[in-house]
Every structure is written in C-alpha cells, then in structure tokens.
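Given next are the chains, with one letter for each unit.
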Amino acid sequence: MRVRNKGETVQQAWGNENVTDLQTDRPHPARIYDYWLGGKDNFPPDRKAAEHAISVSADIPAAARENRAFLQRAVRMAAQAGIRQFVDVGAGLPSPGNVHQVAQSVAPESRVVYVDNDPIVLTHGRALLADNRSTTVLTGDVRDLDELFERPELQALVDFSQPVAVLLVAVLHFVSDEEAHRAVRQVLERVAPGSYLLLSNSTYEGNPERAAEAAKTWDKTDSGIRLRSRAQVTEFFDGWELLDPGVDFVPLWRPDGPTEGTTRWMYAGVGRKV
C-alpha cells in the first residue's frame, strides 16, 4: 500500500481495477464533504452531488469548513479537559486538522480511532497513519456501535473504563431517528463517567426556503439525509450534561473568531457523562 503523491488523484493512486471495490459509481457522503473541503479523493458522482448543493446555496462548502472547525474546537476542549482517547465515527477522508492532530497537539499520548463505512477512507487513512501507533482507522457503521465497540482493534487503543470522547459529527443525519437515538444511547451506556459526546447535525431551520432542494444532494447516496430542528438535536443529549452554550448553529458553538456572515446549515453540541 502506498501513500498518494501530492497532486495525484485517488483514481491515479489506486488504478481503475479498484473502482468497483471502492464503490465509485454512486456518491458517498465522505467524498462529497471531501470535495467541499477542497480535497481530491472524490469521483464524478460525488462532484455532481456536491455541485448541486452549491447551485442551491453557495455557502454550503463554507458550512462544511465551519463544521470541521467545530470539530477542532470541541476536540481541543476535550483534550484540555483531560480526555486522552477519542473515537471518531463517520470520520470522512483525511484533511488538515484531523482529530489525532488536534488531540496530540495538546497531549501527544492521545489515542484516536477513526471509523467510516467508505472503503476509500480505510485505505487512504491507513496509508497515511501507517507510522502512527496511537491512531488507527476501522471500517464500521454508526448503526451498529455495539459491534464496533467490541472489536479487539478498537479496544487495543480505547479503554472504556476510562473517559473517552466519541464524535458523531455530521453523521447522525444520515440515519433514521430511531437509529440515531439508538447510537447515542449505545454510546451513553458504554462510556465511563467524564466522557464526552461531540455531535453535529444538518438542519432546515436556518434556511427554510432552500433546505428541501439542498437535501436532494444526498438523494443518490445510500443514506439520504434527515434535516433536524434544534429541539430534535437537543434530544440526542438526553442523559448527558449539555455543555454551554447548549445546541447552537455550528459557528456559534464557542467561536474563536468573528461569527458575522457565518452559515446556519448545521447545529452542534457537546455533552458530558456525569
């Protein structure tokens, strides 16, 4: 396995013989986000879906970047609070400011497990992290966290008797309400007191006139998307201590810079198990 060279596309890196295995015939959320973030690990179906969203609202790539910035702020906060193990479910493709980079900049001993159901994430992530013994990438699904949490590969890095931060950032909106609530309940039941839940979810409330058309971006993916209200996102934190400022638009969650002109496409929040 080799690391993709700078400027080289994923097609060039792995060759046409792997196209079917990499499921490139239909768009995937991880690769759509990769396109919005300026990455190259995406294919024509991903770019077509991503461009549809941009045609509806040109600020959607900015929303993806703001969501990434929320992840970084929340991970830094958890690491500064003493968390030394992180599980990022629905991690997406590697990009600057990943969880392990942020956490290990605060505490080099931090351990990170990335999880995604896109085979490209597994292949590319493992290549990039081959020399990082405190970080790994697994194939898994938010709809079956009990199975994921029992895996020896995950338990080799994560001790659930100690506090852990679990990230469900921009992933629950790809599953049903029942599946999403089951996922957060499985996290709450598994993690130790002092653990954190980091979560974001797309919403229609900030852009009611454009939301339905923007949601069509995901129609040809395997998941579709569920845009949720602030009240619905807040319900995910039942049983958690919801940290200030509660559930708010992504760029308004503990901002570290100006918020004028920022987007209103996603809600975010962080909970702590007491």
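Report follows, based on the coordinates. (Residues numbered from 1 in each chain as written. Predicted model: local features only at pLDDT ≥ 70, side-chain atom pairs only at ≥ 80, totals over all residues. Heavy atoms only, no water.)

**Description of the overall build of the chain**
Alright, step 1. Across its full length, the chain holds 11 helices and eight strands.
Alright, step 2. Across its three principal axes, the chain shows a C-alpha extent of roughly 50 × 45 × 35 Å.
Alright, step 3. Residues classed as buried in the chain amount to 55% of the 274 residues present.
Alright, step 4. Residue pairs at least 24 apart in sequence account for 73% of intrachain contacts in the chain once pairs closer than 6 positions are excluded.
Alright, step 5. Of the charged side chains in the chain, 31 are positive and 38 negative; the average position of the first set lies 3 Å away from that of the second. (Helix = DSSP H or I, 4+ residues; strand = E, 2+ residues; numbered from the N terminus. Buried < 20%, exposed > 50% of the residue type's maximum accessible area, 1.4 Å probe, protein only. Contact = heavy atoms within 4.5 Å. Lys, Arg positive; Asp, Glu negative; His and termini not counted. Charge placed at Lys NZ, Arg CZ, Asp CG, Glu CD.)

**What about empty space enclosed by the protein?**
Alright, step 1. Applying the stated rule across the entire model yields two cavities of 30 Å³ or more.
Alright, step 2. Roughly 190 Å³ of internal volume is contained in the largest cavity.
Alright, step 3. If you trace the largest cavity, you find 17 residues lining it, with Trp36, Ile60, Ser202, Trp218 and Trp265 closest to the centre.
Alright, step 4. Across the lining of the largest cavity, the residue classes tally to 14 nonpolar, three polar and no charged. (1 Å grid on protein atoms, 1.4 Å probe; cavity = no way out; pocket = protein on both sides within 12 Å on 5 of 7 lines; lining within 4 Å. Points joined across faces, edges and corners; volume = space filled by probe spheres on them. Nonpolar A, V, L, I, M, F, W, Y, C, P; charged D, E, K, R; others polar.)

**A look at the pairing of strand β1 (residues 85–89)**
Alright, step 1. With respect to burial, β1 is a largely interior element, five of its five residues being buried.
Alright, step 2. Residues Gln85, Val87 and Val89 line one face of β1 and the alternating positions Phe86 and Asp88 line the opposite face, and both faces are buried.
Alright, step 3. In terms of strand pairing, β1 meets strand β2 (residues 111–116) through five bridges, oriented parallel. Within β2, the residue paired with valine 89 across the bridge is valine 115.
Alright, step 4. Handedness of the β1-helix α5 (residues 99–106)-β2 crossover: right-handed. (Pairing = 2+ DSSP bridges. Right-handed = clockwise from strand over helix to strand, strands pointing away.)

**Side note on the nonpolar core**
Alright, step 1. Counting 51 residues, the largest nonpolar core has Trp36, Val75, Phe86, Tyr196, Leu198 and Val270 as the members making the most contacts within it.
Alright, step 2. Once residues lying within four places of it in the same chain are set aside, the contact partners of tryptophan 36 are Ala50, Ala53, Ile54, Ile60, Pro61, Ala64, Arg65, Thr217 and Trp218.
Alright, step 3. Ranked by size, the runner-up nonpolar core spans 34 residues in total, among them Leu138, Val142, Val191 and Phe236. (Core = buried A, V, L, I, M, F, W, Y, C linked by side-chain atoms within 4.5 Å.)

**Structural notes on the packing of helix α2 (residues 29–36) against helix α3 (residues 44–56)**
Alright, step 1. Viewed as axis vectors pointing N to C, α2 and α3 meet at an angle of 60°, and their least axial separation amounts to 9 Å. Relative to α3, the element α2 lies oblique. The element α2 and its partner α3 pack so that their crossing is right-handed. Residue-level inspection shows Arg31, Ile32, Tyr35 and Trp36 of α2 in contact with α3, the latter providing Asp46, Arg47, Ala49, Ala50, Glu51, Ala53 and Ile54.
Alright, step 2. Across the contact of α2 with α3, the residue classes break down as seven nonpolar, no polar and four charged. (Axes fitted to C-alpha atoms, helices over the stretch in contact; angles between N-to-C directions. Parallel < 35°, antiparallel > 145°, perpendicular 65-115°, else oblique. Left-handed = near helix turned anticlockwise from the far one by under 90°.)

**Section: the packing of aromatic side chains**
Alright, step 1. Scanning all chains against the criterion turns up seven aromatic pairs.
Alright, step 2. Plain terms: the ring middles of phenylalanine 70 and tryptophan 253 are 5.4 Å apart, the flat faces sit at 85° to each other, and that makes the pair edge-to-face. Here the residue phenylalanine 70 occupies a position in helix α4 (residues 60–80), and tryptophan 253 occupies one in the loop between β7 (248–249) and β8 (266–272), the gap between them amounting to 183 residues.
Alright, step 3. Taken together, Tyr33, Trp36, Phe174 and Trp218 form an aromatic cluster joined through their ring pairs.
Alright, step 4. Across the ring face of phenylalanine 160, the terminal group of arginine 190 is positioned such that the distance to the ring centre comes to 5.7 Å.
Alright, step 5. The residue whose ring lies beneath arginine 230 is phenylalanine 249, and the NZ or CZ to ring-centre distance is 5.8 Å. (Phe/Tyr/Trp six-rings, centres within 6.5 Å; stacked < 30°, edge-to-face > 60°. Lys NZ or Arg CZ within 6 Å of the ring centre and 35° of its normal.)

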